Amino acid sequence: MRLDSKQRQRWESDGFLVVPEFVAADACDRLMARAAELLTEFDPATLSIFSTKEQTHTTDEYFLESGDKIRFFVEDGAVDADGRLNRAKELAVNKIGHAQHDLDPVFAHFSHLRAIAELADDLGFTDPRLLQSMYIFKQPEIGGEVVSHQDSTFLYTEPETVVGFWFALEDATVDNGCLWALPGGHRLGLRQRFVRTDTGVAFKVLDDGPPPSGEMVPLEARKGTLVLLHGRLPHRSGPNRSRRSRHAYSVHIIDGTADYPADNWLQRGPDLPLRGFQPIVS
Ligand code: FE2
């Protein structure tokens, strides 16, 4: 899919772009079914075998090693003090990440669709590389809030190149935790980086000035909608207090011509280098 001139203008002025009907309903359904299958491989018993202190350490490692794996993360509200899930894992999981776009054939097929490659081309990527994928459940009643952030904080390159491709697999509304974004906020500076340290991870402050002012707007999105997010755009998503889930899939793309720092939290081993798209022949 190619952007028209109005869409380009909106992208440049807002730092986000909502593209309704980008994904067919049956393609959304296939991703949801595949996520459910992947969940069968998740053994929640592994959550409860560590003491609290070790659990924290182990949780950090589980997260830090997930850049080239398919791993399962659960909602805070779904884990009891003893580390056990208090509900079925299908209703407890927060997200699956962060390399199913390379490791799982169904997610890989979707993530490398020509329509996405064309958009990356339109957005000015020279050598687009798919860095990270997340399947986000935003569970009914316990789906947690994601506080305001810039994606370049987590997926930093020099120069900054990351763009988020966020696909609504179900209707996302204010009630079930849709995205919110600050129009034009992508022109602000990058406030912090999330980096590896000797002991784990930490936020490295780049700009400790006051947080951006201005009102975020809700980006309600019907099933099949694509939302593009500039790496510097402040955005968040609300909690899901409704009884409806809000499944979404996101892929983050960076440019292979930019430097990828060794202290970024997300690292891959040599066996799984970042991939781009098939060349677009038109
Ligand atoms: Fe984000």
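Owing to the predicted nature of the structure, the values given are computational and were not obtained by experimental measurement. Residue numbers run consecutively from 1 along every chain, following the written order of its sequence. Where local features are concerned, this predicted model is filtered to residues with pLDDT of at least 70; where side-chain atom pairs are given and counted, the filter is 80 or more; whole-chain, interface and lining totals use all residues. As a rule here, side-chain values come from all non-hydrogen atoms in the structure, and water together with hydrogens is ignored.

## Looking at unusual backbone geometry
Keep this limit in mind: Under the DSSP-based scheme used, a helix requires at least four consecutive residues in state H or I and a strand at least two consecutive residues in state E, with every element numbered from the N terminus. Exposure categories follow from relative accessible area, calculated using a 1.4 Å probe and restricted to protein chains: below 20% of the type maximum is buried, above 50% is exposed, and the middle band is partly exposed.
Residue Gly97 is joined to His98 through a cis peptide bond whose omega torsion reads 5°. The residue His98 is located in strand β3 (residues 93–98) in this model. Residue Pro159 is reached from Glu158 by a cis peptide bond, and omega for that bond is -5°. Position of Pro159 among the secondary structure elements: in the loop between α8 (151–154) and β6 (163–168). Backbone geometry at Glu21 places phi at a positive 60°, although glycine is not the residue there. Within the fold, Glu21 resides in the loop between β1 (16–19) and α2 (25–39). Residue classification places Glu21 among the exposed positions, given a relative accessible area of 73%. Its identity is not glycine, yet Lys138 carries a phi of approximately 40°, on the positive side. Mapped onto the elements, Lys138 comes out in the loop between β4 (128–136) and β5 (146–149).

## Re the coordination of the iron ion
Convention followed: For Na, K and Ca the donor cutoff is 3.2 Å, while for all other metals N, O and S atoms must lie within 2.8 Å; water is not among the atoms, so some sites may look incomplete.
Distances from the iron ion to its protein donors, His149 (NE2), Asp151 (OD) and His235 (NE2), fall within 2.1 to 2.2 Å. If you list the donors of the iron ion from N- to C-terminus, the spacing comes out as H-x1-D-x83-H. The burial state of His149 is the same as that of Asp151; both residues are buried.

## So, the packing of aromatic side chains
What counts here: Classification of ring pairs uses Phe, Tyr and Trp, with its six-membered ring standing for Trp, and accepts pairs whose centres are within 6.5 Å; under 30 degrees between planes counts as stacked, over 60 as edge-to-face, and the remaining range as tilted. When the NZ atom of lysine or the CZ atom of arginine is within 6 Å of a ring's centre and also within 35 degrees of its normal, the charge is said to sit over that ring.
The full count for this structure, using the stated rule, is 15 aromatic pairs. Taking the centre distance of 5.9 Å and the plane angle of 85° together, the rings of Phe107 and Tyr135 count as edge-to-face. Of this pair, Phe107 sits in helix α6 (residues 105–111) while Tyr135 sits in strand β4, placing them 28 residues apart in sequence. The same class applies to Phe107 and to Tyr135, which are both buried. Their ring planes at 55° and their centres at 5.3 Å tell us that Phe154 and Phe194 sit as a pair that is tilted. Linking Phe154 in helix α8 with Phe194 in strand β8 (residues 192–197), this pair joins segments that are 40 residues apart in sequence. With a relative accessible area of 23%, Phe154 lands in the partly exposed category. We classify Phe194 as buried; its relative accessible area is 11%. One aromatic cluster is present, built from ring pairs that chain together Phe22, Phe107, Phe110, Tyr135, Phe137, Phe167 and Tyr249. Over the ring of Phe73 we find Lys95; its NZ or CZ atom is 5.7 Å from the centre of that ring.

## Remarks on the sheet that holds strand β13 (residues 248–255)
Rules: Here the rule is simple: two strands pair whenever DSSP picks up at least two bridges between them. Every angle, taken between N-to-C directions, lies between 0 and 180 degrees, and every axis is a line fitted to C-alpha atoms, over only the stretch in contact when it is a helix. Note on contacts: a residue pair is in contact if any heavy atoms of the two residues lie within 4.5 Å.
Spatially, the 7 strands line up as an open sheet ordered β1-β11-β6-β13-β4-β3-β2, and their pairing is antiparallel. Only two strands of the sheet have a single partner each, and these edge strands are β1 and β2 (70–74). Along the sheet, successive strands turn relative to each other by an average axial angle of 20°, direction set aside. Note: β1 against strand β11 (residues 226–230), 4 bridges, orientation antiparallel. Following the sheet pairing, Phe16 is matched in β11 by Leu229. Contacts from helix α7 (residues 114–122) reach β4, β6, β11 and β13, with the element oriented near 145° to β6.

Everything listed here is a matter of geometry and, on its own, says nothing about what the molecule does.
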